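Okay, here's what each chain looks like letter by letter:
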Amino acid sequence: MSLNLTSAEIRVLGCLIEKERTTPEQYPLSLNSLRLACNQKTSRHPVVDYDEDEVTMALEGLRDQGLVYFVRQSGARVTKFRHDLADKFSLDARETSVLAVLFLRGPQTVGELRTRTERLYGFPSLEAIEETLRALAETADWPMVREQPRRMGQKETRFEHLWGDVVEQPAEEAEEAVISSPRPSRDAEVSELKEEVAALREQVQALEARFSAFESQFQ
């Protein structure tokens, strides 16, 4: 068995895994929150600008493959979405965290993966990352990751996922990412603030719905 996801499906799946790990209080995600997560300017390669139709199409494709399901929460006015990756393929938190970062940022070295998975899962060492990569390369379903051949000028080999479209990160950008962590741009900060505002708005709407239901009992 193997999957061949589109780049949009891979981005959506990566975002669902990431937000489940980093902001569990806002998970599962609404369509708008998921679109904002896909279009973040930070921690993404490449940067994209999906509209709601593109995200919806990706969600439908993932649902058809049993990787995502839609959730209607009691009192909520909008449909939300969650992934089913861990259960479907018996993956643990370490494995889903590594896959999420590969989905969101393309091929990376072991060192880059350890740094970039910190918010999702705290790997204690490079060896722990390597062990997880080996497990993903030897899963019963199909090899989910593989080590790329070392290219000329590269100091270290990189690992890529095998779930579909892979977008290469330019070598010079990858090297810079290891050397420094630049301050997010103003656009990136605004994008993340919009995402937080959207999530808060949904929480307020859910509370209003619950209050209205409670109030109706006494009318």
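For clarity, every value in this text was computed on a predicted model and none was experimentally measured.

Summarising the element assignment, Arg21 is placed in helix 1 (residues 7–22). Its relative accessible area of 32% is what places Arg21 among the partly exposed residues. Here the alpha-carbon distance between Arg21 and Ser97, two residues 76 residues apart in the chain, equals 8.1 Å. Excluding anything up to four places from it in sequence, Arg21 contacts Ala93, Ser97, Arg119, Leu120 and Tyr121.

The next point concerns helix 7 (residues 126–137). Taking 1.5 Å as the rise per residue, helix 7 with 12 residues should run 16 Å; its terminal C-alpha atoms sit 17 Å apart, in good agreement. Where helix 7 is concerned, the buried positions are Ala128, Ile129, Thr132, Leu133 and Leu136. Burial along helix 7 is one-sided: seen end-on, the buried residues are contained in an arc of 140°.

Applying the stated criterion across every chain, the model contains zero disulfides. The thiol of Cys15 is not disulfide-bonded; the next cysteine sulfur, from Cys38, is found 3.9 Å away. Looking at Cys15, the relative accessible area reads 0%, which means it is buried. Judged by its relative accessible area of 0%, Cys38 is buried.

In this section: the nonpolar core. In this structure, Val12, Leu34, Leu67, Leu85, Phe89, Leu99 and Trp163 are the most contacted members of the largest nonpolar core, which totals 47 residues. Aside from chain neighbours lying at most four places away, what touches Leu99 is Leu85, Leu91, Leu136, Met144, Val145 and Trp163.

What counts and how
Residues numbered from 1 in each chain as written. Predicted model: local features only at pLDDT ≥ 70, side-chain atom pairs only at ≥ 80, totals over all residues. Heavy atoms only, no water. Helix = DSSP H or I, 4+ residues; strand = E, 2+ residues; numbered from the N terminus. Buried < 20%, exposed > 50% of the residue type's maximum accessible area, 1.4 Å probe, protein only. Contact = heavy atoms within 4.5 Å. Expected span 1.5 Å × (residues − 1). Arc of directions from axis to C-beta. Disulfide = S-S within 2.5 Å. Core = buried A, V, L, I, M, F, W, Y, C linked by side-chain atoms within 4.5 Å.

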